[in-house]
Amino acid sequence: MKKIAVFASGNGSNFQVIAEQFPVEFVFSDHRDAYVLGRADKLGVKSYAFELREFDSKAAYEQAIVDLLDEHKIDLVCLAGYMKIVGPTLLSAYEGRIINIHPAYLPEFPGAHGIEDAWQAGVSESGVTIHWVDSGVDTGKIIQQVRVPRLADDTIESFEERIHAAEYQLYPQVLESLGVGRR
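First, a word on scope: everything that follows refers to the structure included in this document. (Residues numbered from 1 in each chain as written. Predicted model: local features only at pLDDT ≥ 70, side-chain atom pairs only at ≥ 80, totals over all residues. Heavy atoms only, no water.)

Some remarks on the pairing of strand S1 (residues 4–7)
Here is step 1: Burial along S1 is two-sided: Ile4 and Val6 and Ala5 and Phe7, pointing in opposite directions, are all buried.
Here is step 2: As defined by bridge partners, S1 adjoins strand S2 (residues 24–29) across four bridges and the pair is classed as parallel. Across the sheet, the residue bridging to Ile4 is Val24, located in S2.
Here is step 3: A crossover links S1 with its parallel partner S2, the connecting element being helix H1 (residues 13–21), and its sense is right-handed.
Here is step 4: As judged from the four bridges shared by S1 and strand S4 (residues 76–79), these two strands associate in the parallel manner. Opposite Ile4, over in S4, you have Leu76 as the bridge partner. (Buried < 20%, exposed > 50% of the residue type's maximum accessible area, 1.4 Å probe, protein only. Helix = DSSP H or I, 4+ residues; strand = E, 2+ residues; numbered from the N terminus. Pairing = 2+ DSSP bridges. Right-handed = clockwise from strand over helix to strand, strands pointing away.)

Some thoughts on the sheet that holds strand S7 (residues 142–149)
Here is step 1: Spatially, the seven strands line up as an open sheet ordered S3-S2-S1-S4-S5-S6-S7, and their pairing is mixed. The open sheet has two edge strands with one neighbour each: strand S3 (47–49) and S7. Across the sheet, the mean angle from the axis of one strand to that of its neighbour is 20°, orientation sign disregarded.
Here is step 2: Across four bridges, the pairing between strand S5 (residues 98–102) and strand S6 (residues 125–132) is antiparallel. When the bridges of S6 are listed, Asn100 appears paired with His131.
Here is step 3: Its contacts with the sheet put helix H6 (residues 156–177) on S1, S4, S5, S6 and S7, and the angle it makes with S7 is roughly 150°. (Axes fitted to C-alpha atoms, helices over the stretch in contact; angles between N-to-C directions. Contact = heavy atoms within 4.5 Å.)

Written as structure tokens, this is what we have:
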């Protein structure tokens, strides 16, 4: 069975959806006070957190992450609201084994504010993308995508809610397609 780790920086709603359906070896957060750590605790999932500023360099920070992944023999890293760009240390050790979810229909609206950028652009639809992580920002090979229409009576909040709902459907489908066994 494939062993997965989920990385999240904040709320962790995608982590929760994943952990309720699949065995998660651990969750990692780059913020010691992230809400995702409480979610992990409630679900009985091991968690780790440390911050970049605690290290002399990004390479040292990422080496600590690689050591954690290696220690747990992780097969697949699932980024789920992890707001750090994966650098060369982590990427070289786990390339081809890191996936990311992005709240836009890539290549449209890459970067940290996909939902807001799509909203501001006035698009009639956006979406959700899950892709392999490479050295670019949201440029890796696309695994699966789904479109989410912008409705006439949408507010940015309702648009964002529907994008998140699509994420909660898509991530489990992709994990299953990649051979991750359900609980």
